[in-house]
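The lines below spell out each chain.
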Amino acid sequence: MDESHHRMKRLIGIGVCVAYLGWFVLGSVVAEAQTNVSPSPPLEQALADLSSEVDGTREQAVRLLIEQGDASLLPRMEELRANADRSLRMAIKPVIDTWRHRANLASPDAETRRTAATDLGMNGRVSAISWLETAAANESHRWARYAMEESALLLKLASDDPAVKQQAAAKLGEMRSQNAVPALQALVQAGGGESATAEQKALAQRATAAIERIESWNVWSSTIETLFRGISLSSILLIMSLGLAIVFGLMGVINMAHGELMMIGAYATFVMQECFKLYAPESWFDSYYLAALPAAFLASALFGLILEATVIRFLYGRPLETMLATWGVSLILIQGARMYFGDLTAITAPSWLNGGAQVLVGVFLPFNRLFIIGLSILSVMGIYALLFRSRIGLRVRAVTQNRSMSACLGILTRKVDAYTFAFGSGLAGIAGWALTLVGNVEPGLGQNYIVDSFMVVVTGGVGKLAGTIIASLGIGGLNKLMEPSFGAVYGKVLILVLVILFLQRRPSGLFAVKGRHAEG
Amino acid sequence: MFWLVGFVLLFVLPILNVLPAEDSWLHVSDFALNRFGKFLAFAILALGLDLIWGYAGILSLGQGVFFGIGAYCMGMHLMLTIGSQSVYGSALPDFMVWNQVTELPFFWKPFYSFSAAVLAGLLVPACFALIFGFLAFRSRIKGVYFAIITQALALMAWLVFNRNETNLGGTNGLTDFKTLLGFRLSDPGTQLALYVVTVLCLGGAYAMCRWIIASRAGRVLIAIRDSEQRVLFSGYSPATYKLFVFVVSAMLAGLAGILYVPQVGIITPAQMGVLPSLEMVVWVAVGGRATLVGAIVGAVGVNLGRSVLTNSFPELWPFFLGGLFVVVVLLFPDGVMGMARQVRGKFAERAARLPKSQAVEGEQT
């Protein structure tokens, strides 16, 4: 039974393949045939008229071709264009464009369909209304259909029938169409003059209402986008601060070179990209980014291990000195990167992270930002699992709570320190890996975020990851929230003031460790 | 020792600048003297930093802000004395002409007066430190936390001073000064006088810091550094003492800024950012904390090294500075002064091995 079921499935699969192939061959044959078919007489006449020097004739021919011709005539047009003078080329261009857009309305790619629809709406050819409406009726992709309907309505705004116009204006308002605002404003202006007819005035009223609707939606959509940008910045800060906070909580060490560990992660990504360019087949290129994740983690973790073994282990219990020494290390790393890599470090994001998803009218969420947000959520989950669900995590927590007692119970605290530091550094590497998606890879990369992530650690309090998470959400969110009204610089200043005021109420951060051992 | 060094700085160097012939090996060039004056201005700032870090255990990574404010106060005065001698012939500073500012902003107006500028250069950093320190110390932000917050402060100040709309010259800062109190700044005589004033200020600052340390308040500060809890439980208010010494150090930084600007001839936000502020800490660390003399030695030494190295190997200076951070912290936590003390201790031990060996050990600890 099972056997025959499988065989059946395979047969069907093969059948489908054959059908596809057949369709493909047939399609190309038909396409071939179509190009050779000669057009109807009036179109033939129009094609001939195009070459006429008389202006009126040419315009008429152009109009006729746009309305009745289709993409099957494109080869003829191209031929015409190849040996045309400048004025003829200018005259033909709209014809070719319109045909292309019209053909693109049936393209298999939703994004192509959508841009074609938008362009048709902008070009203002009334004949396109019916094409757009037919295409919209069969459209399955939501935003392509939206663009088609929007364009059809936009074209209707220019129609002669006042009832159609009014309806279109109202409908555009309902759709919160961004593209319609200039046209609607023109209508309002036309209806505002002294000599405006009653008809125009009524239309202006409709248009005003529509604009109001669109604008009130704009407030919402920009709020959502700001919120999104805030969350995206927060998640970058979060990935960075998590490593910093774990190390600080465990060892009381503030690692000023954390930003440079992040830079190492970013450069590891860059190196991986270059390796793929040189040694891997071109079709593999996009997977360099995934290959770079372990590379970035390991490079930064290894560096952290070295840093711990050569500098930090000698400075336990002297946090201020550790800060200075690690800052020295960061200076050396920055200059080293500058001298070795120079400025020629461009990262090409993998193609599957280009573009974005439209969720609402005017709200567009880029994939790379979504990816970073997802990554930070994964990181948090991973860290929680590691700290609270594994034996290593148990040891780390034990050493964090009481170092000498843990040592007495047989935990090798030195080893735990080294591994934790390496892990925290590796997290910085992951942050650097993610950052290559949204910024340049440059030696000063870490410096841009380091002060902010210190603030996150301070605000969040020591030893509690929840504090770090909430603080990074708060600081990242506030940063983006205040940027539009105060500007980036004053927004940052305001955040510093807020953090200081916040520390007035809660001197040891959001989630302070309660108890008497908190004071050193 | 104090008087000897003071004598050399105040009389010997200027005399060597004025008297010997230009090509004599004893001659100290105008340029060298000017450079040295700049280093001594930095030394004043380092004294203040040593006072808070070495004695009270407060590590401020935002000292460059106070330095910058002092320097900008003086710079604004110098900017206004240029008057219509500027490139555009306007009574307004050049950068305002570029930025299409037509009227002098209100906060520039007091800086027509020299004494007001100097006073502001001391008091504005002091007020700033007072407010910031009050908030920070009251909520017992200390140690690493305080360092981080002050570093953020340095970053913010750098960002704000870089903006054009604050009317402080933006990224280019204030420069192209002409005269101070009617004397041309390009004259060697003016620079010599500025040098002498700097030396005097340094001497005064040193004496004041010594006096503070020797006083009862100084002892409380050292106690706070060693155990703030115990000081608190003994009935003192550590916050007040810390606030006092923080304000003093801010004023010293402001004074350093005031003296720096006319000697160097330019002040930009780049001198007050995160990195310069950290470099100031290195001066003190290199010289040796809690010695005061060490701060001066460190400031002069590191800057001397910097000007030599950046001339010959500009690319290597960050490596050197970074290495200095690491090496000093790891190997010489007591800096140059600590090393000197050790060497002296060894000699004294050898000399006094027979009569008494305990005295030396007592001195060492």
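Since the structure is predicted, the reported quantities are computational estimates derived from the model, not experimental observations.

What follows is about the overall build of chain B. Across its full length, chain B holds 15 helices and four strands. Considering chain B as a whole, with its 365 residues, one finds that 52% of them fall into the buried category. Sequence separation of at least 24 residues holds for 75% of the intrachain contacts in chain B that already meet a minimum separation of 6. As displayed, chain B has an accessible area near 16600 Å², and 67% of this comes from carbon and sulfur atoms.

Helices and strands together make up the secondary structure of chain A, namely 20 helices and two strands. Considering only contacts in chain A between residues 6 or more positions apart, those separated by 24 or more positions represent 69%. On chain A, roughly 26600 Å² of surface is accessible, and the fraction owed to carbon and sulfur atoms is 61%.

This next bit is on the packing of aromatic side chains. For the structure shown, the criterion picks out 23 aromatic pairs over all chains. Between the aromatic rings of Phe 270 of chain A and Phe 341 of chain A, the centroid separation amounts to 6.0 Å while the plane-to-plane angle is 80°, which identifies the pairing as edge-to-face. Of this pair, Phe 270 of chain A sits in helix α12 (residues 258-279) while Phe 341 of chain A sits in helix α14 (residues 319-341), placing them 71 residues apart in sequence. Chaining the aromatic ring pairs together yields one cluster made of Phe 66, Phe 132, Phe 137, Phe 146 and Phe 246 of chain B. Across the ring face of Trp 53 of chain B, the terminal group of Arg 289 of chain B is positioned such that the distance to the ring centre comes to 4.6 Å.

Of the residues lining the interface, 39 residues belong to chain A; the matching set on chain B comes to 45 residues. Carbon and sulfur atoms supply 79% of the area buried between chain A and chain B, which totals about 3900 Å² over both sides. The largest share of the area that chain A buries against chain B comes from Leu 320, Leu 324 and Gln 504 of chain A, three residues that together contribute 16% of it. A salt bridge links Arg 289 of chain B to Glu 321 of chain A; the shortest N-O distance between them is 3.0 Å. Here chain A and chain B share two residue pairs in polar contact (both at pLDDT 80 or more) between them. Contributions of two or more residues to the side of chain A that touches chain B are made by α14, α19 (445-460) and α20 (465-505) of chain A. Broken down by element, the residue count for the side of chain A that touches chain B peaks at 14 residues, all from α14 of chain A. For the side of chain A that touches chain B, the residue count by class is 29 nonpolar, six polar and four charged.

Our focus in this paragraph is a nonpolar patch on the surface. All names here are of chain A. Taken together, Leu 227, Ile 231, Leu 478, Leu 481, Val 497, Leu 498 and Leu 501 make up a surface patch of nonpolar side chains, about 570 Å² in accessible area. Listing elements by their share of the nonpolar patch, those giving two or more residues are α11 (198-251) and α20. When residues of the nonpolar patch are assigned to their parent elements, the largest contribution, five residues, is made by α20. Tracing the sequence through the fold places Ile 231 in helix α11.

Residues and elements named next belong to chain B. Among all positions in helix α8 (residues 216-226), only Gly 218, Val 220, Leu 221 and Ile 224 are buried. Taken end-on, α8 shows its buried residues confined to a sector of 160°, consistent with a single buried face. Every exposed residue of α8 that faces more than 90 degrees away from the buried side is listed here: Arg 216, Arg 219 and Asp 226.

Right, let's talk about the pattern of salt bridges for a bit. All names here are of chain B. Following the criterion strictly, the structure yields nine salt bridges over all chains and no others. In this structure, Glu 228 and Lys 242 form a salt bridge, with 3.0 Å as the shortest nitrogen-oxygen distance. Placement of Glu 228 in helix α9 (residues 228-233) and of Lys 242 in helix α10 (residues 238-264) is noted, with a sequence separation of 14 residues between them. Of the two residues, Glu 228 and Lys 242, neither departs from the other in class, the shared state being buried.

Another aspect to go through is the environment of Trp 131 of chain A. All names here are of chain A. By the element assignment, Trp 131 lies in helix α7 (residues 128-138). Relative accessible area serves as the criterion here: at 9%, Trp 131 is assigned to the buried category. Counting along the chain gives 21 residues from Trp 131 to Ala 152, while the straight-line C-alpha distance between them is 8.7 Å.

Residue and element names in this part refer to chain A. On average, residues of chain A score 77 in pLDDT, and 85% of them reach the 70 mark or higher. Summarising per-element confidence for chain A, the mean pLDDT is lowest in helix α1 (residues 2-36) (54) and highest in helix α13 (residues 288-310) (91). Contacts for the low-pLDDT stretch residues 28-36, under 50 throughout, to residues beyond four places or in other chains number one contact. Counted against residues more than four places away or in other chains, residues 515-520, with its pLDDT under 50, gives five contacts.

Okay, unusual backbone geometry next. Residue and element names in this part refer to chain B. In the Ramachandran plot, Ala 290 falls in the positive-phi region, its phi being about 55° despite a non-glycine side chain. Unlike most non-glycine residues, Leu 292 shows phi in positive territory, near 65°. Structurally, Leu 292 can be placed in the loop between α11 (274-287) and α12 (293-312). Note on Leu 292: relative accessible area 0%, which makes it buried.

Of all residues in chain B, 90% attain a pLDDT of 70 or more, and the chain-wide mean is 83. Taken element by element, chain B is modelled with least confidence in helix α15 (residues 358-364) of chain B, mean pLDDT 44, and with most confidence in α10 of chain B, mean pLDDT 92.

Attention shifts here to the side chain of Ser 277 of chain B. Topologically, Ser 277 of chain B is positioned in helix α11. By relative accessible area, which is 0% here, Ser 277 of chain B ends up buried.

Moving on to the side chain of Asn 255 of chain A. Residue and element names in this part refer to chain A. With respect to the helices and strands, the residue Asn 255 is situated in the loop between α11 and α12. Within polar-contact distance, the side chain of Asn 255 engages the backbone nitrogen of Ala 257 at 3.0 Å. Each residue touching Asn 255, except ones within four places of it in the same chain, is listed here: Leu 244, Leu 261, Leu 307, Thr 326, Phe 421 and Phe 454.

Right, let's talk about the packing of α13 of chain A against helix α18 (residues 413-435) of chain A for a bit. The description of two helices packed together rests on the angle between their axes and the distance between the axes. Residue and element names in this part refer to chain A. Two elements in contact, α13 and α18, have axes separated by 7 Å at closest approach and are oriented at 140°. Here α13 is positioned oblique relative to α18, judged by the angle of their axes. Judged by the twist between their axes, the crossing of α13 over α18 is right-handed. The residue makeup of the contact of α13 with α18, split by class, is 16 nonpolar, five polar and three charged.

Attention now moves to the packing of α11 of chain A against α20 of chain A. All names here are of chain A. Running from amino to carboxyl end, α11 crosses α20 at an angle of 145°, the nearest separation of the two axes being 7 Å. For the element pair α11 and α20, the recorded crossing hand is right-handed. Counting all contacts with α11, which are made through Thr 226, Arg 229, Gly 230, Leu 233, Ser 234, Leu 237, Leu 238, Ser 241, Leu 242, Ala 245 and Ile 246, the residues of α20 involved are Leu 465, Thr 468, Ile 469, Ser 472, Leu 473, Ile 475, Gly 476, Gly 477, Asn 479, Lys 480 and Leu 481.

Core analysis: the biggest nonpolar cluster contains 207 residues, and Met 323 of chain A together with Trp 108 and Leu 174 of chain B have the highest contact counts within it. For this core, the element with the most residues is helix α2 (residues 30-55) of chain B, which contributes 15 residues. When near neighbours in sequence (up to four residues on either side) are disregarded, Leu 174 of chain B contacts Tyr 72, Gly 75, Met 76, Met 79, Phe 95, Trp 108, Leu 168, Gly 265, Ile 266 and Ile 267 of chain B.

Let's shift gears to the environment of Gly 191 of chain A. Residues and elements named next belong to chain A. Along the chain, Gly 191 turns up in helix α10 (residues 181-192). Looking at Gly 191, the relative accessible area reads 9%, which means it is buried. Sequence separation between Gly 191 and Ala 207 is 16 residues; the distance between their C-alpha atoms is 9.5 Å.

Parameters at a glance
- Residues numbered from 1 in each chain as written.
- Chains lettered and ligands numbered in written order.
- Predicted model: local features only at pLDDT ≥ 70, side-chain atom pairs only at ≥ 80, totals over all residues.
- Heavy atoms only, no water.
- Helix = DSSP H or I, 4+ residues; strand = E, 2+ residues; numbered from the N terminus.
- Buried < 20%, exposed > 50% of the residue type's maximum accessible area, 1.4 Å probe, protein only.
- Contact = heavy atoms within 4.5 Å.
- Areas by Shrake-Rupley, 256 points an atom, 1.4 Å probe, with all protein chains shown as cover.
- Phe/Tyr/Trp six-rings, centres within 6.5 Å; stacked < 30°, edge-to-face > 60°.
- Lys NZ or Arg CZ within 6 Å of the ring centre and 35° of its normal.
- Buried area = accessible area lost by both parts, 1.4 Å probe.
- Salt bridge = Lys/Arg side-chain N within 4 Å of Asp/Glu carboxyl O.
- Polar contact = N/O pair within 3.5 Å; in protein donor to acceptor, adjacent residues only side chain to side chain.
- Nonpolar A, V, L, I, M, F, W, Y, C, P; charged D, E, K, R; others polar.
- Patch = residues over 30% accessible without salt bridge, like charges linked within 9 Å, V, L, I, M, F, W, Y side chains within 5 Å.
- Arc of directions from axis to C-beta.
- pLDDT = per-residue confidence, 0-100.
- Axes fitted to C-alpha atoms, helices over the stretch in contact; angles between N-to-C directions.
- Parallel < 35°, antiparallel > 145°, perpendicular 65-115°, else oblique.
- Left-handed = near helix turned anticlockwise from the far one by under 90°.
- Core = buried A, V, L, I, M, F, W, Y, C linked by side-chain atoms within 4.5 Å.

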